[in-house]
Amino acid sequence: LKKKEGKIPVPFISATKIKSGIDWSALFKGRIVGQVHIENLAINFVKGPTKETSQTKIDKSWMDMVKDIRPIELNLFELINGEVHYRDFHSKPKIDVFLNNIYITARNLSNVNDKNELLPASVVLQANGYGSKLYVNVKLNALSKVPTFDVNTDLKELADPGTMLFTYRD
């Protein structure tokens, strides 16, 4: 996905492979149940001096967009080797703060409220950033108006702050 107008040298979202599947038996019962597998996803938030040189937000709330779709449930969402960047190509030095080697497994994601279970979905995330390893385990209700979740995090192999450089890399 690239911004149609503007002067941004990187796409907002790119991936080398996106694979999805649908459970046909659920489809015949009027439900959409499936799974999504994404490889090498990159997301780039870019800060620039003008609107044309920035891509830092999405115009419409993703929650509203998801709720507008037919009832859908993802039994499995899997991301292999992702990266997220915050970039500023106009600062000196140029900035690229990022997490890479992101692996995510999410189960039971749905846009239908489950009245029987407080936290029906689970997400496990692993990522690297500046020599450190981040681990996150979350149980959540993604559709709750008030954020409802239980999260456990672990940050290992922290780098010495004096050796961390947040500068641009090509």
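Overview of the structure. As the structure is a prediction and not an experimental result, all values here were calculated from the model. (Residues numbered from 1 in each chain as written. Predicted model: local features only at pLDDT ≥ 70, side-chain atom pairs only at ≥ 80, totals over all residues. Heavy atoms only, no water.)

This part takes up the packing of aromatic side chains. The tally for this structure, following the rule as stated, stands at 2 aromatic pairs. A centroid spacing of 5.6 Å and a plane angle of 80° characterise the contact between Phe12 and Phe45, whose relative ring orientation is edge-to-face. Of this pair, Phe12 sits in the segment before β1 (13-14) while Phe45 is found in strand β4 (residues 42-46), placing the two residues 33 residues apart along the sequence. Accessibility expressed as a relative area gives 29% for Phe45, which makes it partly exposed. Ring centres 5.2 Å apart and planes at 45° place the aromatic pair Phe98 and Tyr130 in the tilted group. Remark: Tyr130 occurs in the loop between β7 (121-129) and β8 (132-141) and Phe98 occurs in strand β6 (residues 95-110); sequence separation between them is 32 residues. On the accessibility criterion, Phe98 (14% relative accessible area) is buried. Its relative accessible area of 22% is what places Tyr130 among the partly exposed residues. (Phe/Tyr/Trp six-rings, centres within 6.5 Å; stacked < 30°, edge-to-face > 60°. Helix = DSSP H or I, 4+ residues; strand = E, 2+ residues; numbered from the N terminus. Buried < 20%, exposed > 50% of the residue type's maximum accessible area, 1.4 Å probe, protein only.)

By the element assignment, Asn152 lies in strand β9 (residues 148-156). Residues Asn152 and Val138 lie 14 residues apart in sequence; the distance between their C-alpha atoms is 6.4 Å. Contact partners of Asn152, with chain neighbours within four places excluded, come to Tyr135, Val136 and Asn137. (Contact = heavy atoms within 4.5 Å.)

What follows covers the pattern of salt bridges. Within this structure, the stated rule accounts for 2 salt bridges. Note that Arg87 and Asp96 form a salt bridge whose closest N and O atoms lie 3.8 Å from each other. Assigned by exposure class, Arg87 and Asp96 land together as buried. When the shortest N-O distance is used, the salt bridge between Asp154 and Lys156 registers 3.6 Å. (Salt bridge = Lys/Arg side-chain N within 4 Å of Asp/Glu carboxyl O.)

Attention now moves to the pairing of β8. Of the pairings in the sheet, the one linking β7 to β8 comprises 9 bridges and is antiparallel in character. Note that in β8 the partner of Ala121 across the bridge is Leu140. The antiparallel hairpin formed by β7 and β8 contains 2 residues in its connecting segment, where Tyr130 sits at a positive phi of about 55°. (Pairing = 2+ DSSP bridges.)

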